[in-house]
Every structure is written in C-alpha cells, then in structure tokens.
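# A closer look at the structure
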Amino acid sequence: MITVYLNRRIGDDDRRESLFRGNFFLYTDIAGADALADHAKDLISQAFEGLDPERAQYEMDVDEFIRRVEPLKGEFTNGQRTKELCQQFAIDLGVDPERTYFDIPRLRVIPADQFLTAGVSYNYKAHRDMWYGHPQQLVNYWTPVFPVVGENVMSMYTDYFDKPVKNGSNQYDYDEWVAKHRTAAADNKEADTRPHPLPLEEFDSRGEIRIAGQSGDVFMFSSNHLHASAPNTSGVTRFSYDLRTINLDDVREGRGPRNVDSGATGTTLGDFLRVSDLTPLQAEDYADALATR
Ligand SMILES: [Fe+2]
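This write-up is about the structure you can find in this document. As the structure is a prediction and not an experimental result, all values here were calculated from the model.

Turning next to the nonpolar core. Grouped together as the largest cluster of nonpolar side chains are 43 residues, with contacts concentrated most on Ile 44, Phe 48, Phe 89, Leu 107, Tyr 141 and Tyr 241. Mapped by element, the contributors of at least two residues to this core are strand E2 (24–27), helix H2 (31–48), helix H3 (62–78), helix H4 (80–92), strand E3 (100–110), strand E4 (139–144), strand E7 (218–222) and strand E9 (238–247). Looking at this core, the element that brings in the most residues is H2, giving 8 residues. Residues within four places of Tyr 141 in sequence aside, it is in contact with Phe 89, Leu 93, Val 95, Val 218, Phe 219, Met 220, Tyr 241, Asp 242, Leu 243, Arg 244 and Thr 245. Core analysis: the next-biggest nonpolar cluster, separate from the first, contains 11 residues, Leu 138, Leu 248, Val 251 and Phe 272 among them.

Turning our attention to the sheet that holds strand E8 (residues 226–229). Pairing within the open sheet is antiparallel, and its 3 strands lie in the order E6-E5-E8. Among the strands making up the open sheet, the edge pair consists of strand E6 (208–209) and E8. For strand E5 (residues 154–157) and E6, the ladder comprises 2 bridges, and the chain directions are antiparallel. For Met 156, the partnering residue across the bridge sits in E6 and is Ile 209.

Its 17 residues place the ends of H3 24 Å apart at the C-alpha level, agreeing with the 24 Å of an ideal helix rising 1.5 Å per residue. Along H3, the positions that sit buried rather than exposed are Phe 65, Ile 66, Arg 68, Val 69, Leu 72, Lys 73, Phe 76 and Thr 77. Those residues of H3 that are buried are in contact with H2, H4, E3 and E9.

Contact geometry of H2 with H3 gives a least axis separation of 9 Å together with a crossing angle of 150°. Accordingly, the angle class assigned to the pair H2 and H3 is roughly antiparallel. Here H2 runs over H3; the crossing is right-handed. Together, Leu 36, His 39, Ala 40, Leu 43, Ile 44, Ala 47 and Phe 48 of H2 and Phe 65, Arg 68, Val 69, Leu 72, Glu 75 and Phe 76 of H3 make up the contact between the two elements. Here the residues of the contact of H2 with H3 are counted per class, giving 10 nonpolar, 1 polar and 2 charged.

For helix H1 (residues 12–19), the set of buried residues is Asp 12, Arg 15, Arg 16, Ser 18 and Leu 19. Here the buried residues of H1 occupy an arc of 160° about the axis, which is enough to place them on one side.

With that settled, the discussion passes to the sheet that holds E4. Judged by pairing direction, the sheet is mixed, and its 7 strands sit side by side in the order E1-E2-E7-E4-E9-E3-E10 without closing on themselves. Two strands in the sheet have a free side with no partner beyond their single neighbour: strand E1 (4–6) and strand E10 (273–274). Strand direction decides the pairing type here: E4 and E9, joined by 6 bridges, are antiparallel. For Tyr 141, the partnering residue across the bridge sits in E9 and is Leu 243.

How each quantity is defined
By convention here, each chain's residues receive numbers from 1 onward along its written sequence. Owing to the predicted nature of the model, reporting of local features is limited to residues with pLDDT of at least 70; listing and counting of side-chain atom pairs is limited to 80 or more, with chain, interface and lining totals taken over all residues. The basis for every side-chain value is the complete set of non-hydrogen atoms in the structure, without hydrogens or water. For the purposes of this section, nonpolar cores are sets of buried Ala, Val, Leu, Ile, Met, Phe, Trp, Tyr and Cys residues that join through side-chain atoms within 4.5 Å. For every residue, the accessible area obtained with a 1.4 Å probe (protein chains only) is divided by the maximum for its type, and the residue is called buried under 20%, exposed over 50%, and partly exposed between those limits. Put simply, DSSP H or I for four residues or longer makes a helix, DSSP E for two residues or longer makes a strand, and each gets a number counted from the N terminus. Contacts were defined at the residue level, with two residues in contact if any of their heavy atoms lie within 4.5 Å. For two strands to pair, DSSP has to find at least two bridges joining them. By definition here, a helix of n residues has an expected span of 1.5 Å times n minus one. Where helices are involved, their axes are fitted lines through C-alpha atoms of the stretch in contact, as for all axes, and angles between N-to-C directions lie from 0 to 180°. The scheme is simple: roughly parallel for angles under 35 degrees, roughly antiparallel for over 145, roughly perpendicular for 65 to 115, oblique for anything else. A crossing counts as left-handed when the near helix is turned anticlockwise from the far one by less than a right angle, and as right-handed when that turn is clockwise. Gly counts as polar in this scheme, as do all residues outside two lists: the nonpolar Ala, Val, Leu, Ile, Met, Phe, Trp, Tyr, Cys and Pro, and the charged Asp, Glu, Lys and Arg. Each C-beta atom gives one direction from the helix axis, and the arc is the one those directions make.

Okay, here's the thing in structure tokens:
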C-alpha cells in the first residue's frame, strides 16, 4: 500500500522514513519551490524570445529547438542563482541544512508528439535512479514549471517499489558515464545512443499512477520507485525541474529502501552540495559507508 500525503507538516526524519517505505508527499505553496519555478520561467522565456514556450516547438525545426534548449538547460543546472534557490527550496521543505546535501537540479524539456525524444529531451524509459549510480537514500522532488496534465508528466509504477525488474544497470558505471556520455546529449537527435540502463523484461503497468500539479507544486518520492517519462500526448511541451537530496546520516547508517535490482557501480555522491553553505560532499564522509555494503 502506498499513501499520498498532501501538505503534511512532519519532521524530515519521519518523512524520509515514510518515503523509504514508498509513500508520496505533495506540497503546494512552498515559497522556495515557487521561486525556483519562476527562475526557470525567466530563463525559458529568454530562450524562446517572445514565443509561447509550451507551443514554440510548432514554430521551429528540431535543430533550432535543440539550439535553444541546450544552453537553457545548462544555465538552469549550473547557474549560481539556481544553487541559492535550491538552498531556499530545501530549507522551506524542512530538511536539516547541515546534514542534507543536494544534487544540482535538472530542467526537463519534453516536447509533445515525438517531436524530439532523445538527447536534450530524452524521454526516460522506466528506471530507478539507483540504476544511474545514485544512492539508495535518495529523495526526489519533481516540480512542474507550467501546470501539467496526466498526458505529459511522469509514470510511477508503484507495484515495483519492492519488486525487482530485470535491467541493464550492472553495465552502468557512473564515472564512465560522466567521462564519456553526459555532455553528449545534444548530439543525440533521432535516437539516444547513450547506454542508459533499461528494463530487460516486460513489466505489468496496471499499478501506474501519474501525478499532475500546478506550477511550483512539489511531488516528493523515493528514487527507488520505478518511474519513466510518460509519452507526451498533451499537445504542449512539458517543462519541469527535479532536485534530489540525501541526508548524510542515512548514507552512513545504511538507511533507505532495499536495493531490489540495481547493479550499477560508481556513485553520484561526490556531486552533492551541502544545503547550508554549498560545500561539496567529501569522499571521506561516505567512503566507510560504501565500503561496508
Ligand atoms: Fe529518475
């Protein structure tokens, strides 16, 4: 059974424990989340210069779309203003700023109607974030920039939180991905040739649910959930951002959901920044915990 909690005021330790059992938390009217959505809107409107960004895909060819989206995503992910807003986002959601670290957020731009489903607009097939080298303790925050509908959000395959799916994650090494593939997104136009870890068997999608919020609404879930980009059949481009955090004590204590099927190697932990002051997470802070796994 999975419970969806709406605007539940609860301590972050108790909330993570609940998330690690597969439950979902939804929040509306979080100032930091709205501010990050507004920042994304500003960058998006600069990138599309006077066009309606949700419909700009119909005004240009794919090359032109990529030319605008690639720097937009880069600026959102790497800009200093974004990092400061992430600090506010996390604090407004009640995490402990000294023990919580975040990975810089990603802006997702998913056009409708198969206009572009690879590279900068890769439509993620079903996966757990752990298949990409993330730790079991990861918490995911998913936020629409413009209001979304079931036809352009994410699919959550809730039956598989604790049930394995045969997959290719044992071929995935995070360090190799960073060295060879991460920056190659814009080169992938017709098909995504990067070696994403994919499911290797059919799975039952009857437990699929889709959560569709307004601009700035936050959907929190354990990254151990099996999830995918739903094919966008909404007629408009979906813009959303997602942010991930870990609590260092969870990593050190080995808390978090059971690893049911991930064989990925390497770890993303070295990318995480402390909420309080943006200090990068140091390898010595988590090396012992990883060594005992
Ligand atoms: Fe994911």
